[in-house]
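Architecture and fold: a report
Spelled out from the first residue to the last, the chains are:
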Amino acid sequence: MEIHAYEKLWLGAGLLLIVGFIGTVTYGAVGAGVEMIGDDNQAVTPDALGDHPQFGDPGVYASDSGGYDVYVVARQFAFQPGTTDAIEVPANSSVTFHVTSADVIHGFEVVGTNANTMAIPGEVATLTVEVDEPREYGLLCNEYCGAAHHAMEGTLRVVPESEFNGTQGGA
Ligand code: CUA
């Protein structure tokens with residue numbers, strides 16, 4: 001069978017595209033930086049969070065690397081801290097959130113960033129956000145968690161370094 005040169009070219013290009021698409025999907029699923037929460041075995045006991053060194057007093061902690069660790073407990077229907085009291089971090093810092101749930105599965109999204117995770121009882125989700133200019137971000141629960149799910153929200157406030165009030169955990 002005679003196949004025209006252009007036909008061969010287009011077949012080749014089509015095959016390349018298919019291989020490329022499968023490659024990007026595979027990379028997106030298992031590639032670097034993509035992992036399920038809990039992979040590092042940071043298990044906690046949901047009904048004993050009060051005994052946990054950080055989740056027992058959730059909030060903003062200074063980290064050894066010069067950034068900040070923010071421990072957040074999600075529960076029906078609030079983030080602690082975040083909902084009643086905004087989470088405050090200084091501008092131009094690296095902020096690592098450690099999020100868990102005290103009851104059911106919640107979501108934790110920093111609106112307008114790519115920080116978005118599930119908060120699962122017994123598991124700790126960890127994600128880092130680099131904040132620069134002072135501004136406010138909304139926090140949202142995006143997993144249906146009960147009757148007031150739609151009202152479960154909070155605030156992340158990035159304040160000028162000079163207005164930052166310090167951290168928790170003995171600081
Ligand atoms: Cu918490 Cu929806």
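Since this is a predicted model, take the numbers as computed values, not measurements.

Each value, and the rule that gives it
Residues numbered from 1 in each chain as written. Predicted model: local features only at pLDDT ≥ 70, side-chain atom pairs only at ≥ 80, totals over all residues. Heavy atoms only, no water. Helix = DSSP H or I, 4+ residues; strand = E, 2+ residues; numbered from the N terminus. Rg over C-alpha atoms; globule rule 2.2 N^0.38 Å. Buried < 20%, exposed > 50% of the residue type's maximum accessible area, 1.4 Å probe, protein only. Contact = heavy atoms within 4.5 Å. Areas by Shrake-Rupley, 256 points an atom, 1.4 Å probe, with all protein chains shown as cover. Lys, Arg positive; Asp, Glu negative; His and termini not counted. Charge placed at Lys NZ, Arg CZ, Asp CG, Glu CD. Domains from an automatic or database assignment. Pairing = 2+ DSSP bridges. Axes fitted to C-alpha atoms, helices over the stretch in contact; angles between N-to-C directions. Salt bridge = Lys/Arg side-chain N within 4 Å of Asp/Glu carboxyl O. Phe/Tyr/Trp six-rings, centres within 6.5 Å; stacked < 30°, edge-to-face > 60°.

1. Quick word on the overall build of the protein
- Each helix and strand counted, the protein has one helix and 10 strands in total.
- When the elements of the protein are put in sequence order from the N terminus, they spell out α-β-β-β-β-β-β-β-β-β-β.
- Radius of gyration (C-alpha) of the protein: 21 Å, far over the 16 Å computed for a compact globule of 171 residues.
- Taking the principal axes of the C-alpha coordinates as reference, the protein spans close to 80 × 35 × 30 Å.
- Residues classed as buried in the protein amount to 35% of the 171 residues present.
- Considering only intrachain contacts with a sequence separation of at least 6, the fraction spanning at least 24 residues in the protein is 65%.
- When the accessible area of the protein is evaluated, it comes to approximately 10100 Å², of which 55% is carbon and sulfur surface.
- Charged side chains of the protein number 4 positive and 23 negative; the gap between the two group centres comes to 9 Å.

2. Here's the deal with the domain arrangement of the protein
- Domain annotation of the protein identifies domain 1 (1-34) and domain 2 (46-163).
- Between the C-alpha centres of domain 1 and domain 2 there is a distance of 41 Å.

3. Section: the sheet that holds strand 10 (residues 153-159)
- What the five strands build is an open sheet, ordered 4-10-9-6-7; its pairing is mixed. Edge positions in the sheet fall to strand 4 (87-90) and strand 7 (116-119), since each has one partner strand and no second. For this sheet, the mean inter-axis angle between neighbouring strands, taken without regard to orientation, is 20°.
- Pairing between strand 4 and strand 10: four bridges, direction parallel. Residue pairing in the sheet places I87 in a bridge with L156 of strand 10.

4. Examining the pairing of strand 8 (residues 125-131)
- In strand 8, alternate side chains face the same way, and those of A125, L127, V129 and V131 are buried while those of T126, T128 and E130 on the opposite face are not.
- When strand 5 (residues 93-101) meets strand 8, the two strands line up antiparallel, connected through seven bridges. By the bridge assignment, V99 is partnered in strand 8 with A125.

5. Some remarks on the environment of G122
- Inspection of the secondary structure assignment puts G122 in the loop between strand 7 and strand 8.
- Taking the C-alpha atoms as reference points, G122 and E161, 39 residues apart in sequence, are found 34 Å from one another.

6. Section: the pattern of salt bridges
- Tallied over the full model, the rule gives two salt bridges.
- Among the salt bridges present, the one from E88 reaches R157, with a minimum N-O distance of 3.4 Å. You can see E88 sitting in strand 4 and its partner R157 sitting in strand 10, a full 69 residues away along the chain.
- The partly exposed category is assigned to E88, whose relative accessible area is 24%.
- A cluster of three or more residues bridged by salt bridges with shared partners is formed by E88, E136 and R157.

7. Here we look at the packing of aromatic side chains
- For the coordinates displayed, the defined rule picks out five aromatic pairs.
- With a centroid separation of 5.5 Å and an interplanar angle of 85°, the aromatic rings of Y61 and Y71 are classed as edge-to-face. Here the residue Y61 occupies a position in strand 1 (residues 59-62), and Y71 occupies one in strand 2 (residues 68-75), the gap between them amounting to 10 residues.
- With centroids separated by 5.2 Å and ring planes inclined at 55°, the aromatic side chains of F97 and F108 adopt a geometry described as tilted.

8. Focus on unusual backbone geometry
- Of the consecutive residues Q76 and F77, the connecting peptide bond is found in the cis state with omega at 0°.
- Structurally, F77 is set in the loop between strand 2 and strand 3 (78-80).
- The backbone of N92 shows a phi angle near 55°, a positive value even though the residue is not glycine.
- Turning to its location among the elements, N92 is positioned in the loop between strand 4 and strand 5.

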